[in-house]
Structures are given as C-alpha cells and as structure tokens.
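Below are the chains, spelled out letter by letter.
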Amino acid sequence: MTGLVIVGHGTRSAAGVEQFAALVERVRRRGDIGDVEGGFIELSRPPLTDAVGALVARGHRALVALPLVLTGAGHGKGDIPAAMAREQERHPGLSYRYGRPLGPHPLLHTALEQRIDAALAGTGQAGAGPAGADRADAALPGADRADAALRGVDRAGTWVALIGRGSTDPDANAEVTKVARLLWEGRGYAGVEPGFISLAQPSVPAVLERLRRLGARRIVVAPYFLFAGVLPDRIVAQSAEFAAAHPDLDVRVAEVIGDCDALADLVLERYTEALGGDIRMNCDTCAYRVLMPGFADKVGRPQRPHDHPDDPVGHHHHHGHDHHHDHGSVAVVGGGPGPDDLITVRGKALLDAADVVVVDRLAPQGLLAGLRPDVLVVDAAKVPRGPSMAQEAINAALVSHARAGRRVVRLKGGDPYVFGRGHEEMQACVAAGVPVTVVPGVSSALAAPALAGVPVTHRGVAHDVTVVSGHLPPGHPDSLVDWAALARARGTVVLLMAVDTIAKIATVLIEHGRAPESPVLAVQDAGLPDQRSVPARLDEIGAVAAREGVGPPAVFVLGPVVALATTGPTG
C-alpha cells in the first residue's frame, strides 16, 4: 500500500508539536494505511526529510504527501511541493501524489461548532487561558455531548468571531470568510464574522469591536487553527485584553480543533482522494497564477523549499520572528520617466499592495499621494551635489523591512536596470535570502526623445542607438566609455546624467570625428508639465545648455534623428 507522509509547517509550541504527533499516531492506529509518518518543513522536529527517509528505508517508492494545512496558501501551494521535490532529488525513483488542503470541509465545521459550544458550556478555555491546553473533549464523538451540555444556552444570542491565521494569499483569506459563512448557516448563531491574527485584516480587536457595535453581548472567539501555537496564544491574549477593556461583554475563546477523530477521518479522506488523482484545488483565483489586485508580486514566483535546522542542506533558514512564517518581499519597480500614468500595470499593482516604499527623487512623486495612510515611505533620494542616502543604507533598508514580513517596493525613476543600480539591490536581497522581483519601467533614454517627437531609430536614418551615462566626463579614470568609438558611430547617442559634462563630451566627440554640425536636442523634465526641448549643434550644445539653464533631469539626444522632430513642447 502507498505510504502516507503527513506534512506540517512547524511551530515553536511544544503543545502544538505534541498534538501533531498525536494525530499522526491516531491515523497510524486506524490501520487503514499501511505506513504513516509525519514531519515538518521547518521549526519543529522531526523534519520532513526524516519522515520521507523512514518510509523510503522501509521500501516505499510511491507516497502520498498530505499538507496538514487548512487553506491553500503559500505553504500548501509552494513550500511543501518544493520540499518534496528536494526529497525526490535525494531519493531517485521516488514519486508522490499530493493531497489537497483540509478545508473547507463539513468535518472541520462540525469540529468548530463543538469547540464553540464547549466554550459556551464553560468547558472550553477562558478568555485568558492558555491556547491548546489539555482538554477532556479533544475527541468529541459528535454533537450529542455538546447538545446535552448546552440545553438552555441561547445560540441566537451568541456571536462568533472566527479567527484564521491570515496570509498574503487572497484566496486563502477568502476561504476563511467562506468557512465563517458556512459555520453560520443553519446553526442558529446570531452571526459569524471572520478575522485574522496576522498578515490580513480585520484583526481580532477590529472584529470584536465590530461585533460590539452590532450589539453583541456574548462573543465566542473561535481560532480556525489545527493545533496550539504562538498565533492561537496571541488570539487568546488579544481577546482577553479586549474583554478587560469592555467588562460589559462576555468574551470566551474556544479551543483549537486539535487531535481528534474527525481530523483523522479527514486525513484519511484526503489520502484516498490523492490516490484517485482528485485534488480539486482552486486555480482560478490563485495569486501565483492570476494577477490579483494588490498581489502582483506573486505571479510566477519560483517556489523554493525551506531549510529545516535538522535537514543538512545548504544554508539554514532560521526565522527571527515569532509570529508567522510568511516572508516579506522586495519588488524593484521602474516608475517610468516621470508622469504618474507611465508606470506599468504590474508596477502600480505592487505599489498599491506595498507596506513600505523606498523611493527615489526621480520616481513619479504623484503616486505617493495614492498610497494607503499606513504605508511607510522611505526617502532614498540622491540629489546632485546635495544630500544622498548611501546605497549600502538603501540595501539594508530593503532587507530589514522584508525580513520584518513587509512587502517592500523600491520605486525608481525610469527602468531600474538602466543606470539605476537596480541589480545591486537585487543582489543584496538575494544574498540576504529575501524574495525579490524586478519590474521593468519605461526608461527616460527612450521616453524623453519620444515625448519630444524624436525617434531614436528610423528607417533609412538610424539603425542603432547607444545609451551612455555622462556622469563622468571623458578622461576621468573611472569612466568606462570609449568616447573615440562613440564618435565614429553613425547612429543615435542618448546621454543621461550629462548636464554637468555635456560641453566636455561634445568637445571629445568632435575631436574624434563626430561632425560639429550634428544636431543635438536637450529634453528637460520629459512628460511633465514643465517639459521643454532645447536644440543646438554639437559644437554649441555646451554653451546653449548653460545659457538656457538646462538642469536635471535632462536627456541629450545626438544624431540625424533629431532633425525628424515633429511634436513636443519647445523652450
């Protein structure tokens, strides 16, 4: 018979680890499956690699891997499959069928109902009691016991706050809301409101306050969690704090679902489904496949396994935070040449979802006005001959905020990989183990000429275009530009950051063969209301730019395409 490996995320709670182990043993004792092991992808022992290794050592080459998670968030969709892929590399010939997450399911809803009713009957935990404490009702056989205990208890006067873990996956959060509705239907409660303890809103205090304003006088807080852990403990603490501030309310906290026969039944059901190839996972609203508003950074994100401290692979991935596993991330976003509406759709979606925005001086400043009030904006401006934030400090800010679980957008002007140090920031994030993505932007090297009516290439006129940084003048020991070769080229030259050096650049280009009468166009503040274009000959551009007061940000376009200019404001 195909072996079963039950895969948990892991917890720092000893009680949670014990409950997981008890469930594995409960499933094993059932005898419906020939061989059962359980392991964690991180934080707790035994690691998944030990569980798989034990099954392989006993001759299994085909397994069912069942994610012991309630919702199909990142752990179930990516982390566990990535960890199993690593096990396949370790054990050539190993195959596995993947089970779907446990919820939503009537067995879980019934278990939640029983936990709520036990809290109402006074047999659950008190508002300030320890989450996951030992319970006499850990394996309730059905509704009979609860019904007997609750004769005379008015469900119609009881509101329920169903509190899930919270995720950066909107589909997973939506499942908690669905469970809340299913728990309400037909059970006679006054109402059931969903909330989250981390990463998503509404929070526990927010849900309790909402219920209070709706007129609730008795509230049962029901943790939608399988086992004890740091987050269920936090639910208890926040509920107790709210109750203390509102002594007129009766606030109780139900137990977690815990090790019980119903949960074992569900594990066996998911095992059978997996063997039959039926997993029925929802891909229509999966943030890793579909661009969901506010979650654009997830589309196509590579899934990598976590490194368990007891798994001898590569570097070890230790979490310094104690509340959740979901990592923050960094998106290096090109904001375009300046106008707010020239950022890409994906860049705008990431910006809308950001918790922290580290912004450049040349990034579209108008976009900052549309950020949520709680977004932290970090000014990373590099002002010519003025105050600047060191690149090392920028890199450190990106990493530290992401490690704190925040979604960080590094908003830059133009394209982050065109003289934008974007790859330096990418390298810093990769070195720190922080998930990072790059969103290209419209570079001013192409946009500024276009907005001034100049094509950088044109049939029969220019077949090549060279983009050059002019921040170092010709002859500077750190300059990497071959100015002599550039002078011999016949195509278009676009100069960025050259306001202070354009006169020297023009002189050197002419010295090496570029025609003095070559047309040049300076485009300042491209795309903005103050955009202006200043034309000149190559041998005059230095003097003309100085006389006309051309200042940054400005782009200089050199070549015969300048003569084709047909539109665009002029100075």
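Quick caveat: nothing in here was measured; it's all calculated off a predicted structure. (Residues numbered from 1 in each chain as written. Predicted model: local features only at pLDDT ≥ 70, side-chain atom pairs only at ≥ 80, totals over all residues. Heavy atoms only, no water.)

A.B. asks: Please explain a nonpolar patch on the surface as it appears in this structure.
C.D. replies: A surface patch of nonpolar side chains, about 360 Å² in accessible area, is lined by Val 418, Phe 419, Val 465, Val 467 and Met 497. Structurally, the position occupied by Met 497 is in the loop between β15 (492-496) and α15 (502-511). (Patch = residues over 30% accessible without salt bridge, like charges linked within 9 Å, V, L, I, M, F, W, Y side chains within 5 Å. Areas by Shrake-Rupley, 256 points an atom, 1.4 Å probe, with all protein chains shown as cover. Salt bridge = Lys/Arg side-chain N within 4 Å of Asp/Glu carboxyl O. Helix = DSSP H or I, 4+ residues; strand = E, 2+ residues; numbered from the N terminus.)

A.B. asks: What exactly am I supposed to notice about the sheet that holds strand β14 (residues 465-469) here?
C.D. replies: Sheets are built from strands that pair by backbone hydrogen bonding, the pairs being arranged parallel or antiparallel. Overall, mixed pairing links the five strands, which are arranged β14-β15-β18-β16-β17 in an open sheet. Since the sheet does not close on itself, it has two edges, and those belong to β14 and β17 (532-537), each with one partner. Averaged over all neighbouring strand pairs, the angle between strand axes comes to 20°, with direction disregarded. As paired elements, β15 and strand β18 (residues 554-558) share four bridges and run antiparallel to each other. When the bridges of β18 are listed, Val 493 appears paired with Leu 558. (Pairing = 2+ DSSP bridges. Axes fitted to C-alpha atoms, helices over the stretch in contact; angles between N-to-C directions.)

A.B. asks: Which parts of the structure should I look at to understand helix α10 (residues 345-353)?
C.D. replies: Since there are 3.6 residues in each turn of an α-helix, residues three or four apart along the chain are aligned in direction. Of all the positions in α10, only Gly 347, Ala 349, Leu 350, Leu 351 and Ala 353 are classed as buried. Tucked inside the fold, the buried residues of α10 contact β9 (329-334), β10 (356-359), β12 (407-412) and β13 (436-439). (Buried < 20%, exposed > 50% of the residue type's maximum accessible area, 1.4 Å probe, protein only. Contact = heavy atoms within 4.5 Å.)

A.B. asks: Sorry, what's going on with unusual backbone geometry here?
C.D. replies: If a residue is not glycine, its phi is most likely negative; likewise, a peptide bond is most likely trans. Looking along the chain, the bond that leaves Arg 45 and enters Pro 46 is cis, with omega of 0°. With respect to the helices, strands and loops of the structure, Pro 46 is situated in the loop between β2 (36-40) and α2 (48-57). Cis rather than trans, the peptide bond between Pro 552 and Pro 553 has omega equal to 0°. One non-glycine residue, Leu 43, lies in the positive phi region at around 70°.

A.B. asks: Where do I start with the pattern of salt bridges in this structure?
C.D. replies: Note that side chains of opposite charge can pair when their charged atoms are close. Under the counting rule described, the total for this entry stands at 31 salt bridges. For Asp 35, the salt bridge is made with Arg 58, and the minimal N-O distance between the two is 2.8 Å. Taken together, the residues Asp 35 in the loop between α1 (14-30) and β2 and Arg 58 in the loop between α2 and β3 (62-67) connect sequence positions 23 residues apart. Residue classification places Arg 58 among the partly exposed positions, given a relative accessible area of 43%. One salt bridge connects Arg 212 with Glu 209, and the closest N-O pair in it is separated by 2.7 Å. Pair noted here: Arg 212 and Glu 209 are both in helix α7 (residues 204-213), with a separation of three residues, about one helical turn. A residue is classified by how much of its surface remains accessible, and Arg 212, at 30% relative accessible area, is partly exposed.

A.B. asks: Before we go on, may I ask you to explain the sheet that holds β10 in this structure?
C.D. replies: Spatially, β11-β10-β12-β9-β13 is the arrangement adopted by the five strands of the open sheet, whose pairing is parallel. Where the open sheet ends on each side, the last strands, each with one partner, are β11 (376-379) and β13. For this sheet, the mean inter-axis angle between neighbouring strands, taken without regard to orientation, is 20°. Direction of pairing for β10 relative to β12: parallel, over a ladder of four bridges. Residue Val 356 lies in a different strand from β12, and its bridge partner there is Val 408. Packed on one face of the sheet, helix α11 (residues 391-403) meets β9, β10, β11 and β12 and runs near 155° to β12. Sitting on the sheet, helix α12 (residues 422-431) touches β9, β12 and β13, and the angle it makes with β13 is about 165°.

A.B. asks: Is there a simple way to explain the environment of Thr 49 in this structure?
C.D. replies: Inspection of the secondary structure assignment puts Thr 49 in helix α2. We classify Thr 49 as buried; its relative accessible area is 12%. For the pair Thr 49 and Arg 86, spaced 37 residues apart in sequence, the C-alpha separation works out to 8.9 Å. Among the polar contacts made by the side chain of Thr 49, one reaches the side chain of Arg 90 at a distance of 2.7 Å. (Polar contact = N/O pair within 3.5 Å; in protein donor to acceptor, adjacent residues only side chain to side chain.)

A.B. asks: Got a minute to help me understand the nonpolar core in this structure?
C.D. replies: Nonpolar side chains in soluble globular proteins generally cluster together in the buried interior. Formed by 45 residues in total, the largest nonpolar core has its most connected members in Leu 4, Ile 6, Val 27, Leu 68 and Leu 162. It is helix α9 (residues 261-275) that contributes the most residues to this core, seven residues altogether. Apart from residues no more than four positions distant in its own chain, Leu 162 is found in contact with Leu 112, Val 176, Val 179, Ala 180, Leu 183, Val 192, Glu 193, Pro 194, Gly 195, Ala 222 and Tyr 224. In this structure, Trp 483, Leu 486, Ala 498 and Ala 554 belong to the second largest nonpolar core, which totals 24 residues. (Core = buried A, V, L, I, M, F, W, Y, C linked by side-chain atoms within 4.5 Å.)

A.B. asks: In this structure, what is going on with the packing of aromatic side chains? I would like to understand it.
C.D. replies: Two aromatic rings are characterised by how far apart their centres lie and by the angle between their planes. For the structure shown, the criterion picks out three aromatic pairs. Aromatic side chains Phe 20 and Phe 40 sit 4.3 Å apart centroid to centroid with 40° between the ring planes, which places their arrangement in the tilted category. Of this pair, Phe 20 sits in helix α1 while Phe 40 sits in strand β2, and the two are 20 residues apart along the sequence. For the pair Phe 20 and Phe 40, a shared accessibility class is recorded, and that class is buried. Consider the rings of Tyr 96 and Tyr 98, whose centres lie 6.3 Å apart with planes at 85°: the pair is edge-to-face. The class of Tyr 96 is partly exposed, set by a relative accessible area of 23%. Tyr 98 sits in the buried class, given a relative accessible area of 15%. Aromatic ring contacts, followed pair by pair, group Phe 20, Phe 40 and Phe 227 into a single cluster. (Phe/Tyr/Trp six-rings, centres within 6.5 Å; stacked < 30°, edge-to-face > 60°.)

Distances and angles like these do not, on their own, reveal function.
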